Amino acid sequence: MPSALEKLVKILRLEQEQGNKNTAVIGGLKRFADTWVQEGHEQARKPEHHTLVDELHRLIAEYEAIKDRTERRRAVQFMLDRITNRVPPRADMASPQRQEPAQEAPPGDLPSADADDESEDDDGEYDLPLPAARPVRTASRHVRDAHRAVRRPSLEEALEVLREFDHDVTALHRVGKSMAEKLARLGVNTIGDLLFFFPRRYDDYTRMKPINRLVPGEVVTLIGTVQKVTVRPLSGGRNLTEATVSDGSGRITLRWFNQPWLRNKLKRGTQITVWGKVDLYLGRPTVTNPEWELLERDNLFGGSIAPVYPLTKGITSRTMRRMMQQTLGKWAERIPDYMPVGTLERTELCDLGWALEQIHFPDSWENLDEARTRLVFDELLLLQMGVLAHRRDWQAVQGVPLAVDDAWLDAFLGALPYELTGAQRRALDEILADMAQGVPMNRLLQGDVGSGKTVVAAAAMAVAVANGAQTALMAPTGILAEQHFRGVSRLLAAGPVGDKINVHLLTGATPAETRNMIYSGLADGSLNVVIGTHALIQSGLEFKNLGLAVIDEQHRFGVEQRGALRGKGTNPHLLVMTATPIPRTLALTLYADLDLSVIDEMPPGRTPIDTKVLMPAERERAFAFVRHEIKKGRQAFVIYPYVESVEDEETEDAGKAEMSAVQRAEFLQKEVFPDLRVGLLHGQLRPDEKDAVMGQFAAGDIDILVATSVVEVGIDVPNASVMLIEGAERFGLAQLHQFRGRVGRGAYASYCLLLAGEQLTPDAVERLRAMEATTDGFKLAEIDWRMRGPGDLLGTRQAGTGVLHLVEL
């Protein structure tokens with residue numbers, strides 16, 4: 001059951017989303033408050049909690065009498081800020097804290113060893129009881145009761161163990177300089193790195209099934225003996241390696257594309273362990289692209305659940321397991337658990353050392369689930385602490401209020417070539433309310449491709465200029481910066497401060513003379529708007545009065561780069577934007593240091609994009625359609641997942657060769673479109689080379705642009721009408737949606753062709769069909785989140801907060 005605090009936060013958030021019309025609950029917030037205040041006092045634990053409940057009750061009661069929508073929105077935000085202790089109470093609300101009589105603890109709610117410490121934590125945070133813990137399965141309860149007591153070493157002992165975690169891996173027995181170099185390729189340099197280097201999957205030797213009892217669709221671990229291996233050619237210079245494996249009960253076929261070197265690895269009579277998904281091909285059980293390794297007898301006879309780690313050349317599974325056992329044996333029982341005992345009891349989590357032992361070498365699947373739950377909890381907790389620390393540090397300083405009156409804003413909006421959508425106006429109101437405060441804004445503006453984020457940012461920039469401040473917009477690529485320069489210049493010039501605005505473009509390609517002029521103008525204040533790339537954060541560039549910093553495609557910049565732009569001014573307001581659809585829950589978790597505004601409504605008149613999934617046999621048909629569109633005067637993108645072939649036979653992804661953008665660009669130019677102009681764009685080009693290619697495409701000097709994911713953002717070519725994506729199943733839905741957004745930007749009918757690869761799975765088919773069914777980026781993000789988890793959706797690293805190893809839905 002949600003606590004009273006959580007319930008109120010949800011109601012206030014809903015009120016914000018509904019436009020502050022006092023409709024979040026039936027009868028209005030005042031009616032809701034009369035019931036809520038009783039519940040709040042019942043759950044309050046400290047006198048200051050009761051004081052806050054009374055304060056919130058009065059604020060909610062006043063809300064209904066507020067008529068101005070902007071004031072209502074500010075009132076709701078103030079209540080939310082009071083709940084999270086971001087702002088002090090209003091002067092007229094300050095009152096002595098009420099004293100409540102001491103109450104006996106309910107049965108079973110005994111104080112923990114550190115309860116006294118917790119009760120002294122008088123930081124003003126609202127600490128109503130958390131929701132009741134989730135029900136625990138009987139099996140898990142049994143496992144949890146078997147955990148050893150949480151280790152609480154002295155401070156000196158704990159610090160000594162933590163110092164040992166920083167020791168080089170050569171401190172381990174039989175780990176020398178050569179092995180340390182190999183581990184470094186996996187990102188493992190210290191003892192601590194090794195302890196938190198988790199398995200990517202497990203081979204379950206306790207649940208082995210004979211081949212004749214395998215069921216199509218299930219993911220299995222099986223053991224068998226190689227009987228024969230063949231390699232046969234396929235069209236387009238590709239090949240297929242097939243191995244027949246038997247365990248005495250039956251046979252199964254293993255298939256790999258473009259990995260002919262396996263014929264020399266899988267010798268007849270070799271016993272192997274195989275992991276993969278069982279399918280039927282021509283009526284026979286088959287596993288396509290399975291993982292495999294030589295059978296380790298110790299795992300088989302021990303009946304164990306064996307961890308399988310990411311490997312690199314020169315490190316075998318046996319070697320990695322031996323090192324991990326050695327490391328756990330010396331440090332797992334000594335690791336200090338930083339989580340308070342009271343928290344572990346309330347959440348029913350196991351201790352840290354036991355969790356590390358079981359995540360690496362689980363005694364059972366129930367133990368593995370318990371260990372994973374504890375470690376996921378830690379990852380999310382530490383992530384939240386990290387991002388909230390960024391927020392605290394940023395908003396602990398004084399900002400400069402930048403505000404305009406309604407007449408000025410109406411004049412600016414009236415000068416725009418189109419009317420803002422309701423979602424754009426709501427986002428703009430939230431941004432302007434933040435900028436009007438004495439605390440620096442730190443807001444994320446999230447909107448689908450084409451939803452109109454730029455005009456909202458331009459309005460905020462105009463407000464900064466109207467207040468005599470400077471403003472900067474930073475984009476990840478030169479071509480995107482140029483597009484913003486052209487678009488923002490037009491929008492600002494038409495507004496009420498158009499005659500006061502000096503907009504300049506600063507990129508790596510800016511001539512030295514122009515660059516020096518911009519540096520001088522920003523330093524003395526004569527230039528008030530600059531749009532550029534990383535050039536904006538180079539040393540030597542200084543602003544006289546930077547009031548607002550805007551960062552587009554913020555996921556392309558790290559925390560340090562965002563901080564570097566902010567550091568060019570004295571506590572400027574910050575607005576970061578992204579067109580990558582992120583489910584709201586995930587956004588609020590990963591970007592908790594940012595307030596969130598969402599543009600969830602598309603402007604009218606956007607050209608619809610017809611999306612079609614094609615099977616591998618339809619490749620020629622797709623090329624014919626591309627030629628047809630180019631004959632009409634249009635242009636096309638052709639996307640490949642990888643830059644170049646991967647030929648190293650020890651590389652896990654050696655089958656990527658068929659998806660080489662470099663090779664396929666050459667093939668398309670020579671064999672398929674010899675009469676057309678084919679260009680190539682990928683991430684290994686220098687920035688100036690990328691900008692040159694994108695500029696040629698935008699100018700119409702290239703008919704077909706072969707590219708990798710580098711075109712996910714920053715390309716606006718209204719004449720491009722076809723987006724052909726080869727190996728589409730290798731991309732996430734959010735990324736595919738970004739690719740699709742590169743076309744349909746002009747007046748022409750546009751198309752997105754999703755050409756599937758040879759290794760199509762049922763899950764991949766479902767994702768691609770979802771692309772056919774909807775153009776709503778947020779719906780697609782939710783599907784991607786559900787099917788693939790946030791690791792694939794966003795990448796596994798959040799700059800400045802460490803690695804999310806285990807976090808899944």
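The paragraphs below set out a description of the structure included in this document. Being a predicted model, the structure only gives us computed values, none of them experimental.

## Some thoughts on the overall build of the chain
And then number 1: A tally of regular secondary structure across the chain gives 28 helices and 21 strands.
And then number 2: Going through the 809 residues of the chain one by one, you find that 51% of them count as buried.
And then number 3: For the chain, the proportion of contacts with a sequence separation of at least 24, taken over those separated by at least 6, is 73%.
And then number 4: Here the chain displays about 37200 Å² of accessible surface, and carbon together with sulfur accounts for 51% of that area.

## Focus: the sheet that holds strand 16 (residues 609-614)
In sheet architecture, strand pairing relies on hydrogen bonds along the backbone and comes in two forms, parallel and antiparallel.
And then number 1: Across the sheet, 6 strands lie side by side as 16-21-20-17-19-18; this open sheet has parallel pairing. Edge strands, defined here as strands with exactly one partner in the open sheet, are strand 16 and strand 18 (678-681). Going from strand to strand, the sheet's axes swing by 15 degrees on average, the running direction of each strand aside.
And then number 2: The sheet contact formed by strand 16 and strand 21 (residues 750-755) spans 6 bridges and is parallel. Residue pairing for strand 21: Leu-614 is matched across the bridge by Leu-755.
And then number 3: With respect to the sheet, helix 23 (residues 619-631) is in contact with strand 16, strand 17 (635-639), strand 19 (704-707), strand 20 (720-726) and strand 21, its orientation differing from that of strand 20 by roughly 160 degrees.
And then number 4: Sheet contacts for helix 27 (residues 762-773): strand 16 and strand 21; angle to strand 16, the most-contacted strand, approximately 155 degrees.

## Focus on the packing of aromatic side chains
And then number 1: Tallying each qualifying case throughout the model produces 8 aromatic pairs.
And then number 2: Taking the centre distance of 6.2 Å and the plane angle of 10 degrees together, the rings of Phe-197 and Tyr-309 count as stacked. Of this pair, Phe-197 sits in the loop between helix 9 (191-195) and strand 1 (201-204) while Tyr-309 sits in the loop between strand 8 (305-308) and helix 12 (317-331); the two residues are 112 residues apart in sequence, bridging distant segments of the chain.
And then number 3: Arranged with centres 5.8 Å apart and planes meeting at 5 degrees, the rings of Trp-408 and Phe-412 form a pair that is stacked. Highlighted residues: Trp-408 and Phe-412, both in helix 16 (residues 406-414), separated by 4 residues, approximately one helical turn.
And then number 4: Assessed through its relative accessible area of 1%, Phe-412 is described here as buried.
And then number 5: Taking NZ or CZ as reference, Arg-374 lies 5.9 Å from the ring centre of Tyr-338, over its face.

## With respect to the packing of helix 2 (residues 29-43) against helix 3 (residues 47-63)
And then number 1: The interhelical angle for the contact between helix 2 and helix 3, taken along N-to-C directions, is 175 degrees, at an axis separation of 9 Å. The orientation of helix 2 with respect to helix 3, classified from their angle, is roughly antiparallel. Seen from helix 2, the contacting residues are Leu-29, Lys-30, Ala-33, Asp-34, Trp-36, Val-37, Gly-40 and His-41; seen from helix 3, they are His-50, Val-53, Asp-54, Leu-56, His-57, Ile-60, Ala-61 and Tyr-63.
And then number 2: Residues that form the contact of helix 2 with helix 3 fall into these classes: 9 nonpolar, 4 polar and 3 charged.

## Quick look at the pattern of salt bridges
Should their charged atoms come close, side chains of opposite charge can pair.
And then number 1: With the rule as written, the count across this model stands at 27 salt bridges.
And then number 2: The partner of Glu-726 in a salt bridge is Arg-664, with the nearest N and O atoms 3.8 Å apart. On the criterion of sequence distance, the pair formed by Glu-726 in strand 20 and Arg-664 in helix 24 (residues 661-672) is long-range, its members being 62 residues apart.
And then number 3: Take Glu-726: its relative accessible area is 1%, and that puts it in the buried class.
And then number 4: Between Lys-670 and Glu-666 there is a salt bridge; the shortest N-O distance is 3.0 Å. Within this pair, Lys-670 and its partner Glu-666 are both found in helix 24, separated by 4 residues, close to a single helical turn.
And then number 5: Exposure remark for Lys-670: the relative accessible area of 56% places this residue in the exposed category.

## Some details on the side chain of Glu-242
And then number 1: As for its placement among the helices and strands, Glu-242 is situated in strand 3 (residues 239-246).
And then number 2: Looking at Glu-242, the relative accessible area reads 14%, which means it is buried.
And then number 3: Polar contacts involving the side chain of Glu-242 include one to the side chain of Arg-255, which spans 3.4 Å.
And then number 4: Filtering out sequence-adjacent residues up to four positions away, Glu-242 remains in contact with Lys-228, Val-229, Thr-230, Arg-232, Thr-253, Leu-254 and Arg-255.

## What about helix 24?
And then number 1: Taken residue by residue, helix 24 has Ala-661, Arg-664, Ala-665, Leu-668 and Val-672 as its buried positions. Relative to the axis of helix 24, the buried residues are bounded by an arc of 105 degrees and lie together on one face. Opposite the packed face of helix 24, turned more than 90 degrees from it, sit the exposed residues Lys-670 and Glu-671.
And then number 2: Among the structural elements, helix 23, strand 17, strand 18, strand 19 and strand 20 are those in contact with the buried residues of helix 24.

## Concerning the nonpolar core
And then number 1: Met-435, Leu-492, Leu-548 and Leu-575 are the most contacted members of the largest nonpolar core, which has 41 residues in total.
And then number 2: Among the secondary structure elements, those contributing two or more residues to this core are helix 16, helix 17 (422-435), helix 18 (453-466), helix 19 (478-493), strand 12 (529-532), strand 13 (546-551) and strand 14 (573-578).
And then number 3: Here the element with the most residues in this core is helix 18; it accounts for 11 residues.
And then number 4: With residues up to four places along the chain from it excluded, the contact list for Leu-492 reads Phe-412, Ala-458, Ala-462, Gly-498, Ile-501, Val-503 and Val-529.

## Observations regarding the packing of helix 26 (residues 733-740) against helix 27
And then number 1: Interhelical geometry of helix 26 versus helix 27 gives an angle of 35 degrees and a closest axis separation of 11 Å. For the pair helix 26 and helix 27, the crossing hand works out as right-handed. In this structure, helix 26 uses Leu-733, Leu-736, His-737 and Arg-740 to contact helix 27, whose residues at the interface are Arg-767, Leu-768, Ala-770 and Met-771.
And then number 2: Considering only residue class, the contact of helix 26 with helix 27 consists of 5 nonpolar, 1 polar and 2 charged.

## Section: helix 23
And then number 1: In a regular helix each residue adds 1.5 Å, so 13 residues correspond to 18 Å; helix 23 covers 19 Å between its end C-alpha atoms and thus fits that length.
And then number 2: On its buried face, helix 23 sits against strand 16, strand 17, helix 24, strand 19, strand 20 and strand 21.

## Quick word on a nonpolar patch on the surface
And then number 1: Where nonpolar side chains cluster on the molecular surface, the patch consists of Tyr-338, Leu-381, Leu-382 and Met-385 and spans about 380 Å² of accessible area.
And then number 2: By the secondary structure assignment, Leu-381 is in helix 15 (residues 365-395).

## Thoughts on the sheet that holds strand 13
And then number 1: Here 7 strands make up an open sheet; going across it, the order is 11-12-10-13-14-9-15 and the pairing parallel. Each edge of the open sheet carries a strand with a single partner, namely strand 11 (503-506) and strand 15 (595-599). On average, adjacent strands in this sheet sit at an angle of 20 degrees to one another, irrespective of strand direction.
And then number 2: Where helix 19 meets the sheet, its contacts fall on strand 10 (470-474), strand 11 and strand 12, and the angle it forms with strand 11 comes to roughly 175 degrees.

## Details of the pairing of strand 10
And then number 1: Most of strand 10 is tucked away: 5 of the 5 residues are buried.
And then number 2: Burial along strand 10 is two-sided: the face carrying Gln-470, Ala-472 and Met-474 and the face carrying Thr-471 and Leu-473 are both buried.
And then number 3: Both strand 10 and strand 13 contribute to a ladder of 5 bridges, which runs parallel. Of the residues in strand 13, the one forming a bridge with Ala-472 is Ala-549.
And then number 4: Relative to strand 12, strand 10 runs parallel, the two sharing 4 bridges. Residue pairing for strand 12: Ala-472 is matched across the bridge by Val-530.

## Some points on the side chain of Gln-424
And then number 1: Following the sequence through the fold, Gln-424 ends up in helix 17.
And then number 2: Assessed through its relative accessible area of 2%, Gln-424 is described here as buried.
And then number 3: Engagement of the side chain of Gln-424 in a polar contact is seen with the backbone oxygen of Ser-451, the distance being 3.3 Å.
And then number 4: The contacts of Gln-424, once residues within four sequence positions are left out, are Glu-419, Ser-451, Gly-452, Val-455, Val-456 and Ile-599.

## Quick notes on unusual backbone geometry
And then number 1: Phi is positive for Asn-22, close to 60 degrees, though the residue is something other than glycine.
And then number 2: Its place among the elements puts Asn-22 in the loop between helix 1 (4-17) and helix 2.
And then number 3: Located in the positive-phi region is Asn-289, a residue other than glycine, with phi close to 55 degrees.
And then number 4: Under the relative-accessibility criterion, Asn-289 is labelled partly exposed at 27%.

Definitions and limits used
- Residues numbered from 1 in each chain as written.
- Predicted model: local features only at pLDDT ≥ 70, side-chain atom pairs only at ≥ 80, totals over all residues.
- Heavy atoms only, no water.
- Helix = DSSP H or I, 4+ residues; strand = E, 2+ residues; numbered from the N terminus.
- Buried < 20%, exposed > 50% of the residue type's maximum accessible area, 1.4 Å probe, protein only.
- Contact = heavy atoms within 4.5 Å.
- Areas by Shrake-Rupley, 256 points an atom, 1.4 Å probe, with all protein chains shown as cover.
- Pairing = 2+ DSSP bridges.
- Axes fitted to C-alpha atoms, helices over the stretch in contact; angles between N-to-C directions.
- Phe/Tyr/Trp six-rings, centres within 6.5 Å; stacked < 30°, edge-to-face > 60°.
- Lys NZ or Arg CZ within 6 Å of the ring centre and 35° of its normal.
- Parallel < 35°, antiparallel > 145°, perpendicular 65-115°, else oblique.
- Nonpolar A, V, L, I, M, F, W, Y, C, P; charged D, E, K, R; others polar.
- Salt bridge = Lys/Arg side-chain N within 4 Å of Asp/Glu carboxyl O.
- Polar contact = N/O pair within 3.5 Å; in protein donor to acceptor, adjacent residues only side chain to side chain.
- Arc of directions from axis to C-beta.
- Core = buried A, V, L, I, M, F, W, Y, C linked by side-chain atoms within 4.5 Å.
- Left-handed = near helix turned anticlockwise from the far one by under 90°.
- Expected span 1.5 Å × (residues − 1).
- Patch = residues over 30% accessible without salt bridge, like charges linked within 9 Å, V, L, I, M, F, W, Y side chains within 5 Å.

That is the geometry; function is a separate question.
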